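For reference, the chains in residue letters:
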Amino acid sequence: MSSTHQYAVIVVGGGVAGTTTALSLAREGIPVCVLERTQYNQWRPGETLSPLAHAELLRLGVPLPESGEDFIPSHGIEAAWGSEHPQFHSFMTNPYGGGWHMDRQRFDALLAWHAEEHQVPILRLTSAVHVERGPGSWHVHASSPSGELALTCELVVDATGRASSIARQCGVRRNKVDALCSVSVVLAQPAGMEQTLLVESTPLGWWYTAPLPGQRVIVSLLSDADLLALAGALRPSGWRELLSATRYIRERVGTPPEELRLHVRPCETSSLEHSGGERWLAVGDAASGLDPLSSGGILEALRSARRAAEALGATLGGDGTAPLHYAEAQASEFARYLEARLGHYAIERRWPDEPFWRRRMEEPTATAA
Ligand SMILES: Cc1cc2nc3c(=O)[nH]c(=O)nc-3n(C[C@H](O)[C@H](O)[C@H](O)COP(=O)(O)OP(=O)(O)OC[C@H]3O[C@@H](n4cnc5c(N)ncnc54)[C@H](O)[C@@H]3O)c2cc1C
């Protein structure tokens, strides 16, 4: 059984980028709907919100988080990176103050709730399976708990994260410059644990740990997918052994329990060849995926959503070139980010012969993702 619905804009993907694009459009009175395949009830990576995100949230009318059950204030980053001893980089001089450590599922669900408050339908447990471009409209076919849905819209937004499944269906290639992958574990927080983000580099790659609400802590190892497999990091026993070879991360989180649940997520630095074209745009990770070292993926998702909403509004107003200008701006942002990434990795020079570090000393070359 299939039913038909019509909107000016359909956003596929209800993560940060998708819900905030929709929220911006709804605030301009543009009819928009979001399709989200989950119910925000599964673990999501990305727990540290940059202080710079404050300005984006305020612009959206989303109140700044208050410390409490879901948000822990973040005053800076401690990093043993390029040196034996950790250095503390304080957020004190940041004009927006500190950042936050948060439960990412809850944050994404909170943004979805704000969009719903602005009358945006968020269709949960609804996956877009196929899109077709017609002469003046798109047909989006989706599967939902009540059966198949057929939706039509003038413009479509790809907010599906690194899968960028809508752009790929339109034949747009995604290029990657590395094969970074994360292996994360959520543990109970040891009593009295320091409440800062801690980063530690090792010959294999780098680790981070950050406090999570609910007296939990996340511990992640990042390296290239092939190197993680070779080192045995994709098995709980191998991951545990590698953790025990760290110095500061191990000290902070203690010995993990016997039973470990590993969350493995590809997080290669990658971007679409073009993040916009005729009557479509990609936002957030769907447009460009950053290395988690930047702790800037959420901020970039919020910023690209703002730029995308402006371009979508202009397109609906008759400016057919707006998606192309949006795509050019995204490409320039990504080029600037690649330079910054090279600079960050250049600081760590202790293991120039280890494959992970050697690969990051070279100018990045793009291959198909
Ligand atoms: C290990 C790790 C640590 C990170 N740490 C940080 C950090 O500390 N700070 C930070 O700022 N960033 C961090 N990031 C990056 C950050 O998580 C991402 O940049 C951010 O989630 C991008 O948001 P998004 O909305 O673009 O994509 P996503 O969060 O991937 O959301 C995509 C959404 O689309 C939905 N979807 C996908 N396909 C479909 C479909 N066909 N139909 C319907 N729905 C669909 C998904 O369910 C999901 O809700 C980290 C990433 C990783 C992997």
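Scoring rules and cut-offs
Residues numbered from 1 in each chain as written. Predicted model: local features only at pLDDT ≥ 70, side-chain atom pairs only at ≥ 80, totals over all residues. Near = placed C-beta within 6 Å. Helix = DSSP H or I, 4+ residues; strand = E, 2+ residues; numbered from the N terminus. Nonpolar A, V, L, I, M, F, W, Y, C, P; charged D, E, K, R; others polar. Domains from an automatic or database assignment. Contact = placed C-beta atoms within 7 Å. Axes fitted to C-alpha atoms, helices over the stretch in contact; angles between N-to-C directions. Parallel < 35°, antiparallel > 145°, perpendicular 65-115°, else oblique. Left-handed = near helix turned anticlockwise from the far one by under 90°. Pairing = 2+ DSSP bridges. Core = buried A, V, L, I, M, F, W, Y, C linked by C-beta atoms within 7 Å. Buried ≥ 20, exposed ≤ 12 C-beta atoms within 10 Å, placed from the backbone. Arc of directions from axis to C-beta.

> Sorry if this is basic, but what is going on with the site of the ligand here?
In the vicinity of the ligand there are 37 residues, among which Gly-15, Gly-46, Gly-161, Gly-284 and Gly-297 approach most closely. Elements supplying a minimum of two residues to the shell around the ligand: α1 (16-27), β9 (127-133), β13 (180-188) and α8 (297-316). Considering each element in turn, the shell around the ligand owes the most residues, four residues, to α8. Its residues placed into classes, the shell around the ligand shows 14 nonpolar, 18 polar and five charged.

> Help me understand the domain arrangement of the protein, please; the structure alone is not making it clear to me.
Note: interface size is frequently given as the accessible area lost on complex formation between the parts. When cut into domains, the protein gives domain 1 (2-47 + 103-177 + 268-340) and domain 2 (180-266). Opposite the nine residues of domain 1 that make contact, domain 2 presents eleven residues.

> Explain the packing of α8 against helix α9 (residues 322-346) to me, please; I cannot follow it from the model alone.
Packed helix pairs are characterised by how far apart their axes lie and by the angle those axes make with each other. Contact geometry for α8 and α9: axes closest at 8 Å, N-to-C directions at 160°. One finds that α8 runs roughly antiparallel with respect to α9. For the crossing formed where α8 meets α9, the hand is right-handed. In this structure, α8 uses Ser-304, Arg-307, Ala-308, Ala-311, Ala-314 and Thr-315 to contact α9, whose residues at the interface are Ala-322, Pro-323, His-325, Tyr-326, Ala-329 and Gln-330. Split into classes, the residues belonging to the contact of α8 with α9 amount to seven nonpolar, four polar and one charged.

> Just checking my understanding: could you explain the sheet that holds strand β21 (residues 288-289) for this structure?
Ordered by their spatial adjacency, four strands build an open sheet running β21-β18-β12-β22, and the pairing between neighbours is antiparallel. Edge positions in the sheet fall to β21 and β22 (367-368), since each of these pairs with one other strand and no more. As paired elements, strand β18 (residues 270-272) and β21 share two bridges and run antiparallel to each other. What sits directly across from Ser-271, in β21, is Ser-288.

> Hey, could you run me through the nonpolar core in this one?
If you look at soluble globular proteins, the nonpolar side chains tend to sit buried side by side. Ranked by internal contacts, the top residues of the largest apolar core, which has 65 residues, are Val-9, Ile-10, Val-156 and Val-283. The greatest single-element share of this core, amounting to nine residues, is contributed by α8. When near neighbours in sequence (up to four residues on either side) are disregarded, Ile-10 contacts Cys-33, Leu-35, Val-140, Leu-151, Cys-153 and Val-156. Ranked by size, the runner-up nonpolar core spans 30 residues in total, among them Leu-197, Ala-210, Leu-228 and Phe-356.

> Looking at this structure, I do not really get the packing of α1 against α8. What am I missing?
α8 packs onto α1 with a crossing angle of 35° between their chain directions and a minimal axis gap of 8 Å. Note on packing geometry: the crossing formed by α1 with α8 is right-handed. Between α1 and α8, the residues in contact are Val-16, Ala-17, Thr-20, Thr-21, Ser-24 and Leu-25 and Ile-298, Ala-301, Leu-302, Ser-304, Ala-305, Arg-306, Ala-308, Ala-309 and Leu-312, respectively. When grouped by side-chain class, the residues that make up the contact of α1 with α8 number ten nonpolar, four polar and one charged.

> What should I look at first to understand the pairing of β13 in this one?
Each regular strand shows side chains that alternate between the opposite faces of the sheet. Note: β13 against strand β16 (residues 216-224), nine bridges, orientation antiparallel. What sits directly across from Val-183, in β16, is Leu-221. As judged from the four bridges shared by β13 and strand β17 (residues 263-266), these two strands associate in the antiparallel manner. Within β17, the residue paired with Cys-181 across the bridge is Pro-266.

> Help me understand the environment of Gln-189 in this model?
Counting through the fold element by element, Gln-189 comes out in the loop between β13 and β14 (197-202). Owing to 20 C-beta atoms within 10 Å, Gln-189 belongs among the buried residues under this scheme. Those residues in contact with Gln-189, other than ones at most four positions away along the chain, are Pro-211, Gln-215, Arg-216 and Val-217.

> Just to check I follow, could you spell out helix α6 (residues 236-244) for this structure?
Side chains of residues three or four places apart in an α-helix project in the same direction, reflecting 3.6 residues per turn. For α6, the complete set of buried residues consists of Trp-239, Leu-242 and Leu-243. Each buried residue of α6 lies within a common arc of 105° when the element is viewed along its axis, so the set occupies one face. Exposed and facing more than 90 degrees away from the buried side of α6 are Ser-237 and Ser-244. Looking at the buried side of α6, the elements it contacts are β13, β16, α5 (225-231) and α7 (248-253).

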